[in-house]
Amino acid sequence: MRKLASAVFSPVPVSRDRALGISERLSALTTLSSSLEYLHQRKQLDPGGLNDWDIMKKSPESKNFFIRRVSGVVAEKHVTLALHASRAAVSAGLLLPGNSRWRGAGSLFLGATTCLLSARHRYGTDGSDQVATLVQGATGLARLSTSTRTQDAFLWYVALQANLSYAASGWVKLIGERWRDASALPGVMRTRTYGSEGVYRLTQRYPKSSKYLQHSVLAMECLFPLVYLAGGRLTRPFLASAVGFHIANAFVMGLGRFMTAFPSLHPMVAYTTTPAAHPAVAGRDDRAVKAAAVLLAAGVALSAAIAVQRRGTVLEGWPTSRKFVTRHGNELMYETGGAEFSEEPVLVFCAGLASTSEHFSWITERFVNETEHAVVSYARAGYGGSLRRTTAPYELAESVDDLEDLVRGVVPADRQVVLVGHSLGGELIRRAAARLGDRVAGLVYLDPAHPAELQRSERQSAGAKDLRDTIAHAALYLRLGTGVLMSRPDWLDRLPKAYRERVFAQYTDARLWRAGKREWAAVEKEFRAFDGRIDAISAPGLIIAAQQTVDQDPEQLLLYNELSHAHRSHGEHGGIKVVEGSDHDSLLTNAPHAHRAADLIAEFLGGVRPSGGAAREEQARQQRREGAER
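A brief structural summary. Only a predicted model underlies this, so the values are computations on that prediction, with no experimental measurement involved.

1. Regarding the overall build of the protein
Point 1. Scanning the protein from terminus to terminus reveals 28 helices and eight strands.
Point 2. For the protein, the proportion of its 630 residues judged to be buried stands at 48%.
Point 3. Across the protein, the fraction of contacts at a sequence separation of at least 24, relative to all contacts at a separation of at least 6, is 78%.
Point 4. Split by element, the accessible area of the protein, about 30400 Å² in all, is 58% carbon and sulfur.

Here it is as structure tokens:
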């Protein structure tokens, strides 16, 4: 038993040259397999194929002029096939014995051509190609260097990347509910792309074994950095477990290249976990670890500084921003604009879930600059610069109360309002309209939520859990300070330029996602308990729907019809309008779609007549009396 324990729990002494040799050969084998697959499936490069260049050139990375020009040359079928043939030849050459510096040039060639072909093969690449490129870049540069210190720096780089890869993958899985409750493996095995009917049946026949297996994978990935403890005695168990995991991926999920790509990281891990006193690693330079620690500390400090700066930007608001305190003690930040002394109704905009008031910017600027309508846009409590002060459990009624208070406190008593709500904001303005009575001249719903949608729409109900998980994960990750890593969404750069940076600051701030998480929990609870009746609404209503929303979910159009019929003006004024080509978000963020929506709103407002001055004055007096009583 002592000998067995010694054999299992002991370092894996690998010399520098041997680590380089094993890693470069495994990564070369990965590239050889990849290129042979593309050569065999060359018909996929033809028009109509999976990698038809007329389609691939529209990918996001091809928007860059340089990438588009280079990729255009590589996209020629004969060029692509020639590159793959040369990659296969170089890969085969790297599998041969040898230790020359020319092997470094070969590895760099393989890594560079993988990057060169990435736009051409948008479909078909996976994580194995990325890992192979990482290893080939490091081993290639190490081979070309004559300094052992430089070589050790590259080997440490790959080893640290391996630790980061496994640990990050494990902790992300751990956050997900499906890995914790052991439903992830059966779920994957049921898919057509990566599934296996036989393995799925085994998970159902032996659920406890399936659970232990999944939790073992979690433990291996999350705890992988422990290989550097105990003098490298944990290296063999961890590497053996990781290799077994990748072999299983290859045979069960069809990810054949995983079997060689990820193990190409392991020789570097073995080399760096071997105690420095061992003869196999004599003279190893470990200063890369200290350099990595300094860079990590600097990165954390920079992330914190950027997070603080962005939080300050969010809370500061615009130079014209004001604040209003509601009955719940919440501080709502709002902006106003447009004709101050007009008799036309004031447009009050209410944003959707995990959204910003700036999403309405294309529409609000149109009304401020081109009409006699004043505009009020605000952020709900917890969003933007608005602060949620109440400690009571959140319900949608709280946001409805806040909206009612804002209208009564900010809009002059002698002017009516038209409430405009997007998504969840549509449901909030519907509820607020019942409270505000004659103060409301009309309601405009922009692709609104319907309180029965989670009960009657299979698409909405099925997506509810995914949305809940996405919002919860975003809130958690951003609280951990990862906002600096958040990529800039495409829709952001379709907003007016003046709004982009402030909106991005809000989306990289955990406050927005915590507010969204809080609101979505209330939405699920209340929408699933909805009794199916929408009360009649005296004010006229206009529903502006996104084409993709109604096309992808026919039930949504029925829900919109039901909402429209609740307005007594149905059939006379308002109704349902569809903006062609738009989806739920681009209805606001895409200028042509938003301008079309603005035109429809303006047309709707043309039929809205404000109530008489005497009636408004009497209404104002009544509101003042109610305010004094409160």
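2. Focus: unusual backbone geometry
Point 1. A positive phi is found at Ala354, a non-glycine position, where the angle reads about 50 degrees.
Point 2. Given the relative accessible area of 10%, Ala354 is considered buried.

3. Description of empty space enclosed by the protein
Any empty space left between the atoms is revealed when a probe the size of a water molecule rolls over them.
Point 1. Counting across every chain of the model gives four cavities of 30 Å³ or more.
Point 2. Each pocket or cavity is described by its volume, and for the largest cavity that value is around 100 Å³.
Point 3. What lines the largest cavity is a set of 14 residues, among which Met333, Glu358, Gly384, Gly385 and Gln506 lie closest to the centre.
Point 4. Put simply, the parts of the chain that give the lining of the largest cavity at least two residues each are helix 16 (287-316), strand 2 (331-337) and helix 22 (497-507).
Point 5. Class assignment of the residues belonging to the lining of the largest cavity gives a composition of four nonpolar, seven polar and three charged.
Point 6. If you add up the space inside the second largest cavity, you get close to 70 Å³.
Point 7. Lining the second largest cavity are Ser34, Tyr38, His84, Arg87, Thr114, Leu117, Ser118, His121, Thr125 and Asp129.

4. Focus on the packing of helix 8 (residues 148-175) against helix 12 (residues 207-222)
Point 1. In the contact formed by helix 8 and helix 12, the axes pass within 7 Å of each other and the chain directions differ by 135 degrees. By the angle class used here, helix 8 and helix 12 are oblique. Here helix 8 and helix 12 pass one another in a crossing that is left-handed. Here helix 8 contributes Tyr166, Ala167, Ser169, Gly170, Trp171, Lys173 and Leu174 to the contact with helix 12, which in turn contributes Leu218, Met220, Glu221 and Cys222.
Point 2. For the contact of helix 8 with helix 12, the class distribution of residues is seven nonpolar, two polar and two charged.

5. A look at the side chain of Thr235
Point 1. Inspection of the secondary structure assignment puts Thr235 in helix 13 (residues 235-253).
Point 2. Exposure remark for Thr235: the relative accessible area of 0% places this residue in the buried category.
Point 3. A polar contact of 3.0 Å, which involves the side chain of Thr235, links it to the backbone oxygen of Gly232.
Point 4. A distance of 3.0 Å separates a polar atom in the side chain of Thr235 from a polar atom in the side chain of Thr273.
Point 5. Other than its neighbours up to four places away in sequence, Thr235 contacts Val12, Val227, Ala270 and Thr273.

6. Some details on the packing of helix 18 (residues 396-410) against helix 19 (residues 424-436)
Point 1. Contact geometry for helix 18 and helix 19: axes closest at 9 Å, N-to-C directions at 60 degrees. As judged from the angle between their axes, helix 18 and helix 19 are oblique. Considering how the two elements wind past one another, helix 18 and helix 19 form a crossing that is right-handed. Note on element contacts: helix 19 touches helix 18 through Leu424, Leu428, Ile429, Arg431, Ala432, Arg435 and Leu436, opposite Leu396, Ala397, Ser399, Val400, Asp401, Leu403, Glu404, Val407 and Arg408.
Point 2. The class makeup of the residues in the contact of helix 18 with helix 19 is ten nonpolar, one polar and five charged.

7. Quick word on helix 13
Counting along an α-helix, one turn takes 3.6 residues, and residues three or four places apart therefore face a common direction.
Point 1. Along its 19 residues, helix 13 runs 26 Å from first to last C-alpha, staying within 8% of the 27 Å computed at 1.5 Å per residue.
Point 2. If you check which residues of helix 13 are buried, you get Thr235, Phe238, Leu239, Ala242, Phe245, His246, Asn249, Ala250 and Met253. All buried residues of helix 13 lie within an arc of 135 degrees about the axis, which places them on one face of the element. Exposed residues pointing more than 90 degrees away from the buried face of helix 13 are listed as Ala240 and Phe251.
Point 3. Where helix 13 is buried, its residues meet helix 8, helix 10 (184-189), helix 12, helix 14 (258-261) and helix 15 (266-273).
Point 4. Looking at the residues trailing helix 13, positive phi occurs at Gly254, about 80 degrees.

8. Looking at the pairing of strand 3 (residues 346-350)
Point 1. The buried count for strand 3 comes to five of five residues, which makes it a mostly enclosed element.
Point 2. Alternating positions in strand 3 separate into two faces, Val346, Val348 and Cys350 on one and Leu347 and Phe349 on the other, with burial throughout.
Point 3. Inspection of the sheet shows strand 3 paired to strand 5 (residues 417-422) by five bridges, in the parallel sense. In the sheet register, Phe349 faces strand 5, and the bridge partner there is Val420.
Point 4. In terms of strand pairing, strand 3 meets strand 4 (residues 375-378) through three bridges, oriented parallel. Each residue of the ladder has a partner; that of Phe349, found in strand 4, is Ser377.

Rules behind the numbers
- Residues numbered from 1 in each chain as written.
- Predicted model: local features only at pLDDT ≥ 70, side-chain atom pairs only at ≥ 80, totals over all residues.
- Heavy atoms only, no water.
- Helix = DSSP H or I, 4+ residues; strand = E, 2+ residues; numbered from the N terminus.
- Buried < 20%, exposed > 50% of the residue type's maximum accessible area, 1.4 Å probe, protein only.
- Contact = heavy atoms within 4.5 Å.
- Areas by Shrake-Rupley, 256 points an atom, 1.4 Å probe, with all protein chains shown as cover.
- 1 Å grid on protein atoms, 1.4 Å probe; cavity = no way out; pocket = protein on both sides within 12 Å on 5 of 7 lines; lining within 4 Å.
- Points joined across faces, edges and corners; volume = space filled by probe spheres on them.
- Nonpolar A, V, L, I, M, F, W, Y, C, P; charged D, E, K, R; others polar.
- Axes fitted to C-alpha atoms, helices over the stretch in contact; angles between N-to-C directions.
- Parallel < 35°, antiparallel > 145°, perpendicular 65-115°, else oblique.
- Left-handed = near helix turned anticlockwise from the far one by under 90°.
- Polar contact = N/O pair within 3.5 Å; in protein donor to acceptor, adjacent residues only side chain to side chain.
- Expected span 1.5 Å × (residues − 1).
- Arc of directions from axis to C-beta.
- Pairing = 2+ DSSP bridges.

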